[in-house]
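Observations on the model geometry
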Amino acid sequence: MAESPPEQSELSPENPERLWLWERNVYLDERRRSWLPAVVKNNGKIQVLLRQKSIPLGPAMTPKELEAYELPLMWQLYPGKKYRGSDSILWEIVYHIKFNDVEDMLLEQMETKEYH
């Protein structure tokens, strides 16, 4: 009887506790893994697809460069499959999957009325 190949997907990898902006379009988590964001605006909703990918890091952004950045400067894991941005806006974790060593997490900005 042949053995099955090892499982290549992981539906619920561990969510990073924090993601903070390091340089333009690069966030770091608490294990210094880099995450690359892609913003998607769909029917008035803002979603961010974060892909964990090891890349060479450049210098950290300066405070002046941070002023005009469109996404939160930091996300903190929050109870209930959510992140709270440094601007206090909540983001729902739509999914977090790891497949063939590629980890993707989709966040969707929640409406204010959902958490006030």
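Bear in mind that the values here come from a model prediction, so they are computed numbers and not experimental data.

**Structural notes on the pairing of strand β6 (residues 74–78)**
Bridge analysis of strand β2 (residues 18–23) against β6 gives three bridges, and the strand direction is antiparallel. Looking across to β6, one finds that W20 is bridged to M74. Relative to strand β7 (residues 82–85), β6 runs antiparallel, the two sharing four bridges. By the bridge assignment for β7, Y78 is matched with K82.

**Looking at the packing of aromatic side chains**
Aromatic ring pairs are described here by two measures, namely the spacing of the ring centres and the angle between the planes. Overall, the coordinates contain two aromatic pairs when judged by the stated rule. Between Y27 and W75, the aromatic rings sit 5.0 Å apart at their centres with planes inclined by 35°, giving tilted as the arrangement. Of this pair, Y27 sits in strand β3 (residues 26–29) while W75 sits in strand β6; the two residues are 48 residues apart in sequence, bridging distant segments of the chain. The class of W75 is buried, set by a relative accessible area of 0%. When the centroid spacing of 5.6 Å and the interplanar angle of 80° are considered together, the rings of W75 and W91 count as edge-to-face. Of this pair, W75 sits in strand β6 while W91 sits in strand β8 (residues 90–99), and the two are 16 residues apart along the sequence. One aromatic cluster is present, formed by Y27, W75 and W91 through successive ring pairs.

Cut-offs applied
Residues numbered from 1 in each chain as written. Predicted model: local features only at pLDDT ≥ 70, side-chain atom pairs only at ≥ 80, totals over all residues. Heavy atoms only, no water. Pairing = 2+ DSSP bridges. Helix = DSSP H or I, 4+ residues; strand = E, 2+ residues; numbered from the N terminus. Phe/Tyr/Trp six-rings, centres within 6.5 Å; stacked < 30°, edge-to-face > 60°. Buried < 20%, exposed > 50% of the residue type's maximum accessible area, 1.4 Å probe, protein only.

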